[in-house]
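Residue-level structural notes
Given next are the chains, with one letter for each unit.
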Amino acid sequence: MPAFAVIGAQWGDEGKGKVIDFLAGKASVVARYSGGNNAGHTVINDSGSFGFHLVPSGICWPHTRNIIGNGVVVDPDVLLKEIADLKRAGLNVDGLAISERAHIVMPYHVLLDKLEENRKGAGALGTTGRGIGPAYIDKVARTGIRMGELLNPEELAMRLPDIVNHKNEVLTRIYGASPVSIDTILSKIQAWAPKLAPFIKQVEYIVEDSLTRGENVILEGAQGALLDIDHGTYPYVTSSSPTVGGALTGLGIPPRAFGGVIGVFKAYCTRVGGGPYPTELNNEIGEHIRNKGKEFGVTTGRPRRTGWFDAVAGRYSARVNGFDSIVLTRLDILDGLNPIKICVGYELDGHRIDRFPLEGGALERCVAIYEELEGWPGTTFGITRDRDLPKKAMAYVKRIEALVGAPVEIISTGPKRHETIVVNDIFQK
Ligand code: IMP
């Protein structure tokens, strides 16, 4: 029963979309397990160039069933737009299936996300403003609305006033904002229901059946391990579980289904939004990486904070997730830089530490300790065989492998599907 979790190993934006599109060539199912349309997955292949926020990144393969799991929060307007865009590009989306237990991001969640960020002022987290945190709050508070309820809009209409009245109390009394209209929300629900109903399924059984047949299933992560609500740099995190545990609960599959856990690392680091970041480069090298790597958010367009590869954080991420394999992306962005630095430890309050600090606030005080590696001549862009990589580029890859503690099995050398080096076939391990 081989399920392969593809997990963002840093602060998100590691290039999971491209990796999943590549791996999906050998998979029957791609199932997204967490997050919402705070994510932005870029996929470029023969079908075109896509920026997915909710639709799983295997959708471009006709043989692959794409699933949105119960751990995801879904903004129906965003999903319907993505479906329409895909159809316009000539892709078949009939096989898309959405868990009836996935929670809906309602318009008031988006409002509350923005109002709460404004209230925090200088202490804002820098959320994507897509209503993700408030939707997960309602899920945990047991006041959320799930996709399956769209199949029974009359019953939902009866439940709605109590929920919306409570939101309006919060909106008006706490934030001094205008209330939302129940009628407007009802008419949205009535518009969503018939369009989304054909996709709403008991997806757990689709995944289980595929696994029982022995087919490869890819569990698509969103965001990254360091943004995990439990294991990330709290409170500067997202409100879901991008780490491997989220793949189990976000799809309802057992640990024995796993064939491998794949950590996707960028060859350097980026972070969007607030929070500690020991290897951040606030200089011309950081600017160079941002411009060359087009490091601007797919979802918000915000410039990403750039920095050197952080092997302390990487090792931590590998420990939390139990990576069997690493996919290293965007190696080509480091072409021409010399030296290239890797963070191998932190100085915290005058002492060297080699482990990622778990105590809140400590990471803010950490100063990166670097090892320098020589840059390589020429370009790695578009290379498809590891033997064609410059020796020093391979030395950089091998150093990351040794420091993080898992083998690099795939190297991505460009945004297109074929700009990929397969060092070892992950599915054959
Ligand atoms: P939220 O998920 O919108 O609540 O945002 C919480 C934090 O996670 C912010 O720092 C966001 O910038 C960050 N974040 C959320 N989704 C992504 C993503 O897909 N990539 C990178 N950062 C993200």
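See above for the structure.
If you're wondering where the values come from, they're calculated on a predicted model, not measured in any experiment.

**Comments concerning the pairing of strand β1 (residues 3-8)**
Most of β1 is tucked away, with 6 of its 6 residues classed as buried. Residues Ala3, Ala5 and Ile7 point to one face of β1 and Phe4, Val6 and Gly8 to the other, with burial holding for every one of them. Of the pairings in the sheet, the one linking β1 to strand β10 (residues 217-220) comprises 4 bridges and is parallel in character. When the sheet's bridge partners are listed, Phe4 is paired in β10 with Ile218.

**What to know about the pattern of salt bridges**
Applying the stated criterion across every chain yields a total of 26 salt bridges. Note that Lys16 is salt-bridged to Glu14, the shortest N-O span being 2.7 Å. A salt bridge links Lys167 to Asp138; its shortest N-O distance comes to 2.8 Å. Of this pair, Lys167 sits in helix α5 (residues 153-174) while Asp138 is found in helix α4 (residues 132-141), placing the two residues 29 residues apart along the sequence. The network of salt bridges with common partners includes Asp13, Lys266, Glu295, Arg304 and Arg330.

**A word on the site of the ligand**
Among the 15 residues in the neighbourhood of the ligand, the closest are listed as Asp13, Asn38, Thr128, Thr238 and Arg302. In the model, an oxygen atom of the ligand is placed 3.0 Å from a nitrogen or oxygen of the Val272 main chain. Within the side chain of Arg302, an N or O atom sits 3.0 Å from an oxygen atom of the ligand. Computed on the free molecule, the ligand has an accessible area of 470 Å², of which 96% lies beneath the protein chains in the complex. A domain-level breakdown of the shell around the ligand finds at least three residues from each of domain 1 (3-90 + 202-428) and domain 2 (103-198).

Cut-off values and rules
- Residues numbered from 1 in each chain as written.
- Predicted model: local features only at pLDDT ≥ 70, side-chain atom pairs only at ≥ 80, totals over all residues.
- Heavy atoms only, no water.
- Buried < 20%, exposed > 50% of the residue type's maximum accessible area, 1.4 Å probe, protein only.
- Helix = DSSP H or I, 4+ residues; strand = E, 2+ residues; numbered from the N terminus.
- Pairing = 2+ DSSP bridges.
- Salt bridge = Lys/Arg side-chain N within 4 Å of Asp/Glu carboxyl O.
- Near = heavy atom within 4 Å.
- Polar contact = N/O pair within 3.5 Å; in protein donor to acceptor, adjacent residues only side chain to side chain.
- Areas by Shrake-Rupley, 256 points an atom, 1.4 Å probe, with all protein chains shown as cover.
- Domains from an automatic or database assignment.

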